[in-house]
Amino acid sequence: MTIFEKANYLIEIIENAGFEAYQVGGCVRDFFMERKCDDIDITTCAKPYDLEKILDENNVKYIETGLKHGTVTAVFDGDNFEITTYRTDGEYIDNRHPENVNFVNDIDEDLSRRDFTINAIAYNPNKNEIVDLFGGQKDIENKIIKAVGDPDKRFKEDALRIMRAIRFSSTLTFEIEENTKLALFRNKELLKNVSAERIFTELSKLLLGDNVFNVLTEYKEILGVIIPELVPIFNCEQNTVWHIYDVYTHTAKTVKESPKILPLRLTMLLHDIGKPLAKTTDDNGVDHFKGHQKISADLAAPILKRFKISNELFDRVMLIIPIHDIHIGTKKKNIKKWLNRLGEQGIRDLIEVKRADKLGQNPEMTGEELQNLITTEALVDEIIDNGEPYSVKDLKINGFDLINLGFKGKMIGDILSAVLEKVIDGELENEKETEIEYVKTFKALPSDEGEKKKEN
């Protein structure tokens, strides 16, 4: 059974027990947009205890994921379906969660509490019945994001909806309706009441959207609430031949120009936040940003920690920000040294970051550098495909060979690094006998001369 057939079956068994049931929310929106949907939510007038009885009688497993809010998750042949009783929400006192919910029997009341019209459509595929009280289908056709009812009320109920609105604008390439847009700005400070993890979930999706440039620029004041460190770059001019945008517009442009990979887009969002602190202007009125890479990294680290992202994502972003302006070059030996330092993933990330960075600069100045990056990338491919050595593990000799030759301790690592450097520079063949003969020269020399030879 497909995920749709499974959802239809669940709706059918609920209806056979005498209750209403509909698909609802994002899956219905995506259905009308002819988009792929991997997550189907169901709503019903059946109370949780009735729903559990129905699932038990039909041998469908379930998890009591949110009985307080009327939600039971049906686990059906590898897919999960959240089934929630029609409800209205009680008072919101934390701009995030209702104090209580009231179960109701009318689908109209349930749809009235939802965030946006495009998400407030219920659909029963078995009966081909659509419940659309707020013009959601029309807003989908017109590519409009509009709050259900009073937008101020919706955002005060749940401030995360502010991020959801601009996330949908980015990912769906929809415009936000004017009254809803004004309410976003009026209520933006409420985002301070939402957990950093939930905000980051929405930010991550926003950054991967096709409309990300327009959203980042039009709603930058909202981004400034969740990442205050961005505010100084909003109006930071770059009076230099290399740039035609202020720092923030350049940043938004580079996010758009980078691949739709979260670590890369997150890197672009934060790569230049240190520029205002590094900025100096010379006597000719030309701006300089010496050392901004390190300052940007110093500012980015606590931002990422604040969002409580994974260590893997943190490390991948923080590897690149401090070095995003370095020159890799188009010589194999230089590329191999950066491969040794960053690894294959790291150097590929660096190339993509540098490409996006150049695409956000003055196009009259970046043609040669962009072409060089194409050459660099081709050489990386060649090095990897040919298995050319660029790290100690690629050498034909290893630590055990050095131990057998009488070396120990820190000297082993130092000598292997020296051998690697010779191999990368083309001064030594990556052959075991050749490398062993070279290593023996260290042992044959007095210790102080051997240390000097290693350094050379």
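Undergrad: Pulling in residues and values, what's your account of helix α7 (residues 160–172)?
TA: For an α-helix the count is 3.6 residues per turn, leaving residues at separations of three or four pointing the same way. If you check α7, its first and last C-alpha atoms are 18 Å apart, about what 13 residues at 1.5 Å a residue would give, namely 18 Å. Of all 13 residues that make up α7, 11 are buried, and the element is covered over most of its length. Immediately beyond the C-terminal end of α7, within one or two residues, lies Thr-173, with a positive phi of roughly 60°.

Undergrad: Provide a residue-level description of the environment of Asn-8, including the pertinent values.
TA: Here Asn-8 is to be found in helix α1 (residues 3–16). C-alpha of Asn-8 to C-alpha of Pro-125: the two residues are 117 residues apart in sequence and 6.8 Å apart in space. Apart from residues no more than four positions distant in its own chain, Asn-8 is found in contact with Gln-23, Pro-125 and Asn-126.

Undergrad: Kindly report on the state of the cysteines, identifying the contributing residues and their values.
TA: Summed over the entire model, instances satisfying the criterion amount to 0 disulfides. Free of any disulfide, Cys-27 has its nearest neighbouring cysteine sulfur in Cys-37, separated by 4.9 Å. With a relative accessible area of 3%, Cys-27 lands in the buried category.

Undergrad: Give a detailed account of the pattern of salt bridges, specifying residues and quantitative values.
TA: Applying the stated criterion to the full structure yields 37 salt bridges. For the salt bridge of Lys-410 with Asp-414, the shortest nitrogen-to-oxygen distance reads 2.8 Å. On the criterion of helical spacing, the pair formed by Lys-410 and Asp-414 is a turn pair, its members being 4 residues apart in helix α20 (residues 410–424). The class for Asp-414 is partly exposed, based on a relative accessible area of 28%. The partner of Glu-437 in a salt bridge is Lys-440, and the shortest N-O contact between them spans 3.5 Å. Here Lys-440 and Glu-437 lie together in helix α21 (residues 432–444), a separation of 3 residues that amounts to about one turn. By relative accessible area, Glu-437 is classed as partly exposed at 47%. Lys-440 gets classed as partly exposed once you look at its relative accessible area, which sits at 38%.

Undergrad: Account for empty space enclosed by the protein, with residues named and values stated.
TA: Under the counting rule described, the total for this entry stands at 1 cavity of 30 Å³ or more. Around the largest cavity, the lining residues are Ser-169, Phe-174, Glu-175, Ile-176, Asn-211, Asn-214, Val-215, Glu-218 and Tyr-219. Mapped by element, the contributors of at least two residues to the lining of the largest cavity are β11 (175–176) and α10 (212–218).

Undergrad: Describe in detail helix α9 (residues 196–207), supporting the description with residues and values.
TA: Here α9 is 12 residues long and its end C-alpha atoms lie 16 Å apart, about the 16 Å a rise of 1.5 Å per residue gives. Along α9, the positions that sit buried rather than exposed are Ile-199, Phe-200, Glu-202, Leu-203, Ser-204, Leu-206 and Leu-207. Turning to α9, the residues buried within the fold contact α7, α10, α11 (220–226), α12 (247–257), α13 (262–270) and α16 (311–320).

Undergrad: So, the nonpolar core: which residues are in play, and what are the values?
TA: The biggest cluster of nonpolar side chains holds 102 residues, and the ones touching the most others in it are Leu-10, Met-163, Ile-166, Leu-184, Leu-203, Leu-216 and Leu-269. Looking at this core, the element that brings in the most residues is helix α17 (residues 332–359), giving 9 residues. Those residues in contact with Leu-184 that sit more than four places away from it in its chain are Phe-155, Ile-162, Ala-165, Ile-166, Ile-176, Tyr-219 and Ile-222. Core analysis: the next-biggest nonpolar cluster, separate from the first, contains 18 residues, Leu-405, Ile-436, Tyr-438 and Val-439 among them.

Undergrad: Quick rundown of the pairing of strand β1 (residues 21–24)? Include the residues and the values.
TA: Taking every second residue as pointing to the same face, both faces of β1 are buried, with Ala-21 and Gln-23 on one and Tyr-22 and Val-24 on the other. Both β1 and strand β2 (residues 41–44) contribute to a ladder of 4 bridges, which runs antiparallel. By the bridge assignment for β2, Tyr-22 is matched with Thr-43. Note: β1 against strand β8 (residues 121–124), 2 bridges, orientation antiparallel. Looking across to β8, one finds that Gln-23 is bridged to Tyr-123.

Undergrad: Outline the pairing of β8, listing residues and values.
TA: Covered by surrounding structure in β8 are Ile-121 and Tyr-123 together with Ala-122 and Asn-124, the residues of both alternating faces. In the sheet, β8 pairs with strand β9 (residues 129–132) via 4 bridges, with the strands oriented antiparallel. Counterpart to Tyr-123 in the pairing with β9 is Ile-130. Two successive antiparallel strands, β8 and β9, enclose a turn made up of 4 residues, where Asn-128 displays a positive phi of approximately 55°.

Undergrad: Quick one: what's the story with the packing of aromatic side chains, residue by residue and with numbers?
TA: One pass over the structure, following the stated rule, counts 10 aromatic pairs. Pairing Phe-31 with Phe-32 gives two aromatic rings, centres 5.5 Å apart and planes at 65°, and the pair type is edge-to-face. Judged by its relative accessible area of 26%, Phe-32 is partly exposed. Taken together, the ring pairs in this structure connect Phe-31, Phe-32 and Tyr-123 into an aromatic cluster. The ring of Phe-314 carries the charged tip of Lys-305 above its face, separated from the ring centre by 4.3 Å.

Basis of the calculations
Residues numbered from 1 in each chain as written. Predicted model: local features only at pLDDT ≥ 70, side-chain atom pairs only at ≥ 80, totals over all residues. Heavy atoms only, no water. Helix = DSSP H or I, 4+ residues; strand = E, 2+ residues; numbered from the N terminus. Expected span 1.5 Å × (residues − 1). Buried < 20%, exposed > 50% of the residue type's maximum accessible area, 1.4 Å probe, protein only. Contact = heavy atoms within 4.5 Å. Disulfide = S-S within 2.5 Å. Salt bridge = Lys/Arg side-chain N within 4 Å of Asp/Glu carboxyl O. 1 Å grid on protein atoms, 1.4 Å probe; cavity = no way out; pocket = protein on both sides within 12 Å on 5 of 7 lines; lining within 4 Å. Points joined across faces, edges and corners; volume = space filled by probe spheres on them. Core = buried A, V, L, I, M, F, W, Y, C linked by side-chain atoms within 4.5 Å. Pairing = 2+ DSSP bridges. Phe/Tyr/Trp six-rings, centres within 6.5 Å; stacked < 30°, edge-to-face > 60°. Lys NZ or Arg CZ within 6 Å of the ring centre and 35° of its normal.

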